[in-house]
Amino acid sequence: MSRLLLPALCFAACLGTASPASAQLHVGLLRTLLTPFPTSGAMPTQVFSANPVGLAFDFYNFDYELRTTDSVTVGAGASRFGGRQPYMNGDLFLRYYPSGRAFNGLTLGVKAGMTQFRGGDRHPGVGIDINQSSTVNEHIVMSAGLGLKRLIRTTPGIDVIPTFRFNVGIGF
């Protein structure tokens with residue numbers, strides 16, 4: 001009985017504090033976020049995104065991407081994986097959108113950055129990636145892709161690492 005008391009009190013408190021004005025604010029925010037992307041040319045100029053699925057697998061990925069022309073973006077990304085072979089990674093990248101619509105469609109990218117493995121081994125590297133991006137509306141951008149990064153090493157070890165991304169971002 002006492003297990004149900006706290007949730008019931010929280011529910012009653014939410015109902016008691018709800019007002020038409022706050023409900024309109026929440027509906028307005030949802031409508032803004034979920035409205036189909038306008039075709040009038042209003043597109044985000046920058047996107048901050050993260051991988052929501054990776055959290056379940058101790059994998060974190062964050063990207064910041066800035067549109068420089070209609071078909072080119074530049075940005076920075078960082079990732080961390082804590083599995084059997086943990087690593088941290090940071091890259092600067094350039095992405096080309098052949099469709100001429102940044103944050104929409106196929107993208108081909110090049111990147112350069114640093115990768116650190118357990119034990120502190122840090123290595124510079126260069127890589128390529130291919131992604132598919134979609135602007136859901138003027139505020140939501142989704143992207144998925146994969147790539148390879150070649151590490152420049154002076155000691156034996158992994159020379160090429162795969163990169164994966166499934167990011168959901170906020171465009172502004």
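Residues numbered from 1 in each chain as written. Predicted model: local features only at pLDDT ≥ 70, side-chain atom pairs only at ≥ 80, totals over all residues. Heavy atoms only, no water.

Student: I tried to follow the environment of Gly54 on my own but got confused; where do I start?
Tutor: Secondary-structure assignment places Gly54 in the loop between β1 (46–50) and β2 (59–67). Measuring from C-alpha to C-alpha, the distance between Gly54 and Phe81 comes to 9.0 Å, with 27 residues separating the pair along the chain. (Helix = DSSP H or I, 4+ residues; strand = E, 2+ residues; numbered from the N terminus.)

Student: Mind showing me how you'd approach the pattern of salt bridges here?
Tutor: Where charged atoms of side chains with opposite charge meet at close range, the side chains can pair. By the definition in use, this model includes eight salt bridges. Between Lys149 and Asp91 there is a salt bridge, with its nearest N and O atoms 2.7 Å apart. A residue pair is termed long-range when its members are at least 10 positions apart, and Lys149 in strand β7 (residues 140–151) and Asp91 in strand β4 (residues 87–96) qualify at 58 residues. No difference in accessibility class separates Lys149 from Asp91, as the two residues are buried. Bridged by salt links that share partners, the residues Asp63, Glu65, Arg95, Asp129 and Arg165 form one connected network. (Salt bridge = Lys/Arg side-chain N within 4 Å of Asp/Glu carboxyl O. Buried < 20%, exposed > 50% of the residue type's maximum accessible area, 1.4 Å probe, protein only.)

Student: It is not clear to me how the pairing of β2 should be interpreted in this structure. Could you clarify?
Tutor: Each regular strand displays side chains that alternate between the two surfaces of the sheet. Note that β1 and β2 share five bridges and pair antiparallel. In the sheet register, Val47 faces β2, and the bridge partner there is Glu65. As defined by bridge partners, β2 adjoins strand β3 (residues 72–81) across nine bridges and the pair is classed as antiparallel. Within β3, the position partnered with Phe59 by the bridge is Phe81. (Pairing = 2+ DSSP bridges.)

Student: Can you walk me through the layout of surface pockets in this structure?
Tutor: Vacant regions in the atomic arrangement are exposed by a probe of water-molecule size rolled over the atoms. One number sums up the size of the largest pocket: a volume of about 580 Å³. The wall of the largest pocket is formed by 31 residues, among which Phe59, Tyr87, Pro162, Thr163 and Phe164 lie closest to the centre. Every element with two or more residues in the lining of the largest pocket is listed here: β2, β3, β4, β5 (105–117), β6 (122–135), β7 and β8 (160–171). Here the lining of the largest pocket gets six residues from one element, more than from any other, and that element is β8. (1 Å grid on protein atoms, 1.4 Å probe; cavity = no way out; pocket = protein on both sides within 12 Å on 5 of 7 lines; lining within 4 Å. Points joined across faces, edges and corners; volume = space filled by probe spheres on them.)

Student: Which parts of the structure should I look at to understand the confidence of the model for the protein?
Tutor: Low pLDDT marks regions whose predicted coordinates should not be analysed in detail. The pLDDT averaged across the protein works out to 81; a share of 76% of its residues lies at or above 70. Mean pLDDT values over the elements of the protein span from 42, in helix α1 (residues 2–17), up to 97, in β1. Counting contacts from residues 21–27, a segment whose pLDDT is below 50, to residues more than four positions away or on other chains yields zero contacts. Taken together, the stretch residues 29–40 has pLDDT below 50 and engages in 19 contacts with residues farther than four places along the chain or on a different chain. (pLDDT = per-residue confidence, 0-100. Contact = heavy atoms within 4.5 Å.)

Student: For this particular structure, what's the right way to read the packing of aromatic side chains?
Tutor: Two measures describe an aromatic ring pair: the distance that separates the ring centres and the angle between the ring planes. Under the definition given, this model contains five aromatic pairs. Geometrically, the ring pair formed by Phe48 and Phe62 is stacked, given 6.4 Å between the ring centres and 15° between the ring planes. Here Phe62 lies in strand β2 and Phe48 lies in strand β1, a separation of 14 residues in the sequence. Considering the side-chain rings of Tyr87 and Phe117, the 6.4 Å spacing of their centres and the 45° angle between planes classify their relative orientation as tilted. Linking Tyr87 in strand β4 with Phe117 in strand β5, this pair joins segments that are 30 residues apart in sequence. Note on accessibility: Tyr87 and Phe117 belong to one class, buried. Directly above the aromatic system of Phe93 lies the positively charged group of Arg95, at a separation of 3.8 Å from the ring centroid. (Phe/Tyr/Trp six-rings, centres within 6.5 Å; stacked < 30°, edge-to-face > 60°. Lys NZ or Arg CZ within 6 Å of the ring centre and 35° of its normal.)

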